Amino acid sequence: MNNKELEYCNICGTKLVTFVDGHCCGLKCPKCNEIIAVTTYDDLSSEDKKIYPLILTHNIYTAKKAYILAKTINCDVNIATQLLRQENVKAFEGIATQLKKIKLVFDENEINYEIPEFPYK
Ligand SMILES: [Zn+2]
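Right, let's walk through the structure included here. From a predicted model like this one, the values you see are computed outputs, not experimental measurements.

## Quick notes on the overall build of the protein chain
A count of helices and strands for the protein chain gives four helices and six strands. Traced from its N-terminal end to its C-terminal end, the protein chain shows the element sequence α-β-β-β-β-α-α-β-α-β. Within the protein chain, the proportion of its 121 residues that are buried is 22%. Excluding contacts between residues fewer than 6 apart, the proportion of contacts in the protein chain whose partners are at least 24 apart in sequence is 52%.

## Let's talk about helix H3 (residues 77-84)
Taken as a whole, H3 has its buried residues at Ala80, Leu83 and Leu84. The arc that holds the buried residues of H3, viewed along the axis, is 95°, so those residues lie on one side.

## Here we look at the sheet that holds strand S6 (residues 113-114)
To summarise the sheet geometry, strands pair through backbone hydrogen bonds and adopt either a parallel or an antiparallel arrangement. Pairing in this open sheet of three strands is antiparallel, and the strands run S5-S4-S6 from one edge to the other. Strands at the two margins of the open sheet, each flanked by one partner only, are strand S5 (89-94) and S6. Pairing analysis gives five bridges linking strand S4 (residues 52-56) to S5, with the strands arranged antiparallel. Bridge pairing in S5 places Leu54 opposite Phe92. Relative to S4, helix H4 (residues 96-108) is tilted by about 20°, and along the sheet it contacts S4, S5 and S6.

## Quick notes on the environment of Ala96
With respect to the helices and strands, the residue Ala96 is situated in helix H4. When the 22 C-beta atoms within 10 Å are taken as the criterion, Ala96 is described as buried. The spacing of Ala96 and Ser46 is 50 residues in sequence and 6.8 Å in space, taken between C-alpha atoms. In contact with Ala96, other than residues within four places in its own chain, are Ser45, Asp48, Tyr52 and Tyr120.

## Structural notes on the pairing of S4
On a regular strand, each side chain points to the face opposite its neighbour's, so the side chains alternate between the two faces of the sheet. The pairing of S4 with S6 spans two bridges and is antiparallel. Note that in S6 the partner of Leu56 across the bridge is Tyr113.

## Quick notes on the nonpolar core
Leu69, Leu83, Leu84, Ala91 and Ile102 are the most contacted members of the largest nonpolar core, which has 15 residues in total. The biggest single contributor to this core is H4, with four residues.

Thresholds, definitions, all that
Residues numbered from 1 in each chain as written. Predicted model: local features only at pLDDT ≥ 70, side-chain atom pairs only at ≥ 80, totals over all residues. Helix = DSSP H or I, 4+ residues; strand = E, 2+ residues; numbered from the N terminus. Buried ≥ 20, exposed ≤ 12 C-beta atoms within 10 Å, placed from the backbone. Contact = placed C-beta atoms within 7 Å. Arc of directions from axis to C-beta. Pairing = 2+ DSSP bridges. Axes fitted to C-alpha atoms, helices over the stretch in contact; angles between N-to-C directions. Core = buried A, V, L, I, M, F, W, Y, C linked by C-beta atoms within 7 Å.

Following this line, the structure appears as structure tokens:
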């Protein structure tokens with residue numbers, strides 16, 4: 001998984017565009033209108049445009065985790081499976097608001113990760 005893959009629609013391969021809609025912003029595909037990632041402008045983290053890496057650590061593979069991971073970081077299930085089977089592998093890079101949303105899902109589903117120097121809960 002690298003950064004380039006995150007910029008393109010996993011359905012049609014079109015380059016994703018950012019959008020802002022009221023209090024939400026995120027990435028979507030201009031061709032199939034698929035919304036890839038949505039975040040809300042809810043606090044100071046929305047002002048933080050720094051890119052943080054998300055590192056997966058010490059995960060025990062299950063099919064459910066692979067499915068959730070794939071859905072959350074928008075990648076193929078096979079890629080998610082490979083990521084879960086590695087130690088300390090970068091699975092995603094993004095701004096604070098994207099990562100906060102991912103954190104919620106990972107915490108809920110016991111997917112272990114680290115975000116070095118991430119200052120938000
Ligand atoms: Zn598309």
